[in-house]
Amino acid sequence: METTLSEQIMLLSLDDATGTPRLQVQCEFAISSASVLELALAGRVRSEGDHLVVTDSAPLGIPALDGTLQRIAAQSEREDAQAWIFRLRKPAVDDARRALLEKGVIREERTRRWGIFPAHRYPEADGTVESRLRRTLAAVVLEGQEPDARTAALVVLLHSGGLHELVFGEADRAAARKRMSELTEGHWAEPVMHQLVNSVHLALTTTAAATTAAVVNTVV
């Protein structure tokens, strides 16, 4: 079963049993970033100077990505990749969740928080998709296998967003960070893709740092 980068990040973030998200804010920005990066991999957008521009508006046949492409194409004033990552956060998250539900990878449970407020949880319904994804990431990050372009992009998103703990246990985390950093910095030979990856990396590392600071301040 094929899944987009956004769907993969959401799947990794959800607790399999309870369906509750981990590192929610960081994951939401990573999901949004994934929608932009995947369009670039498909040759639909690229960075030109400080702007993200549509180079081909032809649909991909993937509703979530086509919706993102239409939003960018319809914007009259050009913006940079970071602006789009913030703008697309909610629709990208909603689209990824909807797609995983439609594919039967997760299921929806409706409950009430503190017995009062309506809440939704999304436990796993088909574990094969996530298991295969985790095996691929382990092979690339821990065993040194050369990634394809989409797996390399997923590594960039997880590393830049500070999402290592979603995939790797504490014993493997230092080695994983080192390898993921190498892939983030050295995999993208094409200048246009390298520029966009750098924009995504900057947006996600800034967001991750701000989120961590906010949590620390709240605890203190």
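Report on the accompanying structure.

Reading the values: the criteria
- Residues numbered from 1 in each chain as written.
- Predicted model: local features only at pLDDT ≥ 70, side-chain atom pairs only at ≥ 80, totals over all residues.
- Heavy atoms only, no water.
- Phe/Tyr/Trp six-rings, centres within 6.5 Å; stacked < 30°, edge-to-face > 60°.
- Lys NZ or Arg CZ within 6 Å of the ring centre and 35° of its normal.
- Helix = DSSP H or I, 4+ residues; strand = E, 2+ residues; numbered from the N terminus.
- Buried < 20%, exposed > 50% of the residue type's maximum accessible area, 1.4 Å probe, protein only.
- Pairing = 2+ DSSP bridges.

With that settled, consider the packing of aromatic side chains. Considering all chains together, one arrives at one aromatic pair under this definition. Lying across the ring of Trp84, Arg87 places its NZ or CZ 5.1 Å from the centre.

This part covers the environment of Ala174. Along the chain, Ala174 falls in helix H8 (residues 173-186). Spatially, the C-alpha atom of Ala174 lies 30 Å from that of Glu2, the residues being 172 residues apart in sequence.

Within the chain, Leu23 stands out as a residue other than glycine whose phi angle is a positive 45 degrees. In this structure, Leu23 sits in the loop between helix H1 (5-13) and helix H2 (24-41).

Moving on, we get to the pairing of strand S1 (residues 45-48). A one-sided burial pattern is seen for S1, the buried positions being Val45 and Ser47 and the unburied ones Arg46 and Glu48. Examined bridge by bridge, S1 and strand S2 (residues 51-54) share four bridges and lie antiparallel to one another. Bridge pairing in S2 places Glu48 opposite His51.

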